[in-house]
Every structure is written in C-alpha cells, then in structure tokens.
Amino acid sequence: MQKQRGVTVWFTGLSGAGKSTIAKALETQLHQWGYGLEVLDGDIVRTNLTKGLGFSRADRDENIRRIGFVSHLLTRNGVIVLVSAISPYREIREEVRDRIQDFVEVYVDAPLQVCEDRDVKGLYKRARAGEIKQFTGIDDPYEPPLNPEVHCRTDQESVEESVVKVLAKLETLGYIQLAATAAP
C-alpha cells in the first residue's frame, strides 16, 4: 500500500452552516476511494476529548488547541483528518494552521438567518431567549477566515457542489488523486 500524504481539512463556520454535512459527504467519498481518514466533529469531541470545557473564549481556544493537537498527530502520520468545528476565533485557527502545516481551511458560509432556519436542535432559539450564553453568532462573535483555501456558500450551492470544491482543492494541493483507481 502506498503511503498517502496527511492533511487536516478544517471546516469552520456558524452552527448550522453545514460543516458536518459536507465533512460526512467528503468522508464517504474518500472512503470509497480507499483513503485513510479520521473525522473529528466538534459535538463529538466536546463529549470526549474536551469534556468539561465551557464556552468562554479561553475554553473555546483550549478546545481548538486540543482538536488541533490530535489533528497534527494524525496528519503527520499520513491520515486525512476532517475537522468540523465552529472555531469562531481567527487567531486560534491560525495558531493551529501554523502547528499542522498540512492544513486546508474550508469556510462553510451561510447567512445567520439560514443557519437559524436549519437549527434542528433549537440552539439559536434558546440563545435568543437568553437560555444559552456566549452563543456564536448571537452574543459571541464569529471571525470569518480572511483567506480560506475553500469557501463554500451553502445557501447558494448543494452539498455535492461543496464537496467537489473541497476535492478539487485537495487534488490541486497534491493530497489526493480524484480518479478512484489512483487512490493509495
């Protein structure tokens, strides 16, 4: 088996923008092509790796640092890592990028109203009612990436179109080959 090149694909955006949806579809495609990968979803990570951390800026930064540390370990060992995390602060995302180096930032972008309309968990409604404090996009800021490698506008494109954008960028950067027969 050929050794594949590891990379962290970091999906950032508001809750409900579509980060996990795109990551899951990308995971399915990459698995079909035979690539080794891991998915670190923000909700799952918070119940295990970062359990006990709150939502203050310091706790959010620590959450992202821990996800970044695990991503770095996997990436340097040839794993494609798909991270789906709001990661609202630009500075900590840049810190993680600098540590990992093989890093592709995907800005999953949808207007706040679209994200609220998609909110099956009712988190935005609870945040607007004051039941959840420091909720990103409501009473805590989200700092969009300045130069993401991929920008997915999920209010204007399908999941499939977003996945194609990410795959094309990964191929351009030499992390994958799009032909299924060319996978490791």
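Above this text sits the structure in question.
Residues numbered from 1 in each chain as written. Predicted model: local features only at pLDDT ≥ 70, side-chain atom pairs only at ≥ 80, totals over all residues. Heavy atoms only, no water.

Engineer: Run through helix H7 (residues 159-172), naming residues and quoting values.
Structural biologist: The first and last C-alpha atoms of H7 sit 20 Å apart over 14 residues, in line with the 20 Å expected at 1.5 Å per residue. Taken residue by residue, H7 has Ser 162, Val 163, Val 166, Leu 167 and Leu 170 as its buried positions. Projected onto a plane normal to the axis of H7, the buried residues spread over an arc of 135° and lie on a single side. Seen from the buried face of H7, the exposed residues on the opposite side, beyond 90 degrees, are Val 164 and Thr 172. Elements that come into contact with the buried residues of H7 comprise strand E1 (7-12), helix H1 (19-32), strand E4 (103-109) and strand E5 (150-153). Immediately beyond the C-terminal end of H7, within one or two residues, lies Gly 174, with a positive phi of roughly 85°. (Helix = DSSP H or I, 4+ residues; strand = E, 2+ residues; numbered from the N terminus. Expected span 1.5 Å × (residues − 1). Buried < 20%, exposed > 50% of the residue type's maximum accessible area, 1.4 Å probe, protein only. Arc of directions from axis to C-beta. Contact = heavy atoms within 4.5 Å.)

Engineer: So what's going on with the pairing of E1? Residues and values would help.
Structural biologist: Most of E1 sits out of view: 6 of its 6 residues are buried. The alternating pattern of E1 places Val 7, Val 9 and Phe 11 on one face and Thr 8, Trp 10 and Thr 12 on the opposite face, and all of these are buried. By the bridge criterion, 5 bridges tie E1 to E4 in an arrangement that is parallel. Across the sheet, Trp 10 pairs through a bridge with Glu 105, a residue of E4. (Pairing = 2+ DSSP bridges.)

Engineer: Before we move on, could you go through the nonpolar core and cite the residues and values that matter?
Structural biologist: Membership of the largest hydrophobic core comes to 33 residues, with the highest contact counts inside it found for Phe 11, Leu 30, Val 106, Val 166 and Ile 176. Contributing elements (two or more residues each) for this core: E1, H1, strand E3 (80-84), E4, helix H6 (123-128), E5 and H7. Filtering out sequence-adjacent residues up to four positions away, Leu 30 remains in contact with Tyr 35, Leu 37, Ile 80, Leu 167 and Ile 176. Listed in part, the 14 residues of the second largest apolar core include Trp 10, Ala 85, Ile 100 and Phe 103. (Core = buried A, V, L, I, M, F, W, Y, C linked by side-chain atoms within 4.5 Å.)

Engineer: So what's going on with the pattern of salt bridges? Residues and values would help.
Structural biologist: Using the criterion set out here, one finds 15 salt bridges in the structure. Two residues, Glu 95 and Arg 65, come together in a salt bridge whose shortest N-O distance is 2.8 Å. Taken together, the residues Glu 95 in helix H4 (residues 90-100) and Arg 65 in helix H3 (residues 57-76) connect sequence positions 30 residues apart. By relative accessible area, which is 37% here, Glu 95 ends up partly exposed. Take Arg 65: its relative accessible area is 33%, and that puts it in the partly exposed class. The closest approach of N and O atoms between Arg 153 and Asp 109, which form a salt bridge, is 3.5 Å. A residue pair is termed long-range when its members are at least 10 positions apart, and Arg 153 in strand E5 and Asp 109 in strand E4 qualify at 44 residues. Here Asp 109 falls in the buried class, since its relative accessible area comes to 13%. Through salt bridges with shared partners, one network takes in Arg 93, Glu 94, Arg 97, Glu 105 and Glu 149. (Salt bridge = Lys/Arg side-chain N within 4 Å of Asp/Glu carboxyl O.)

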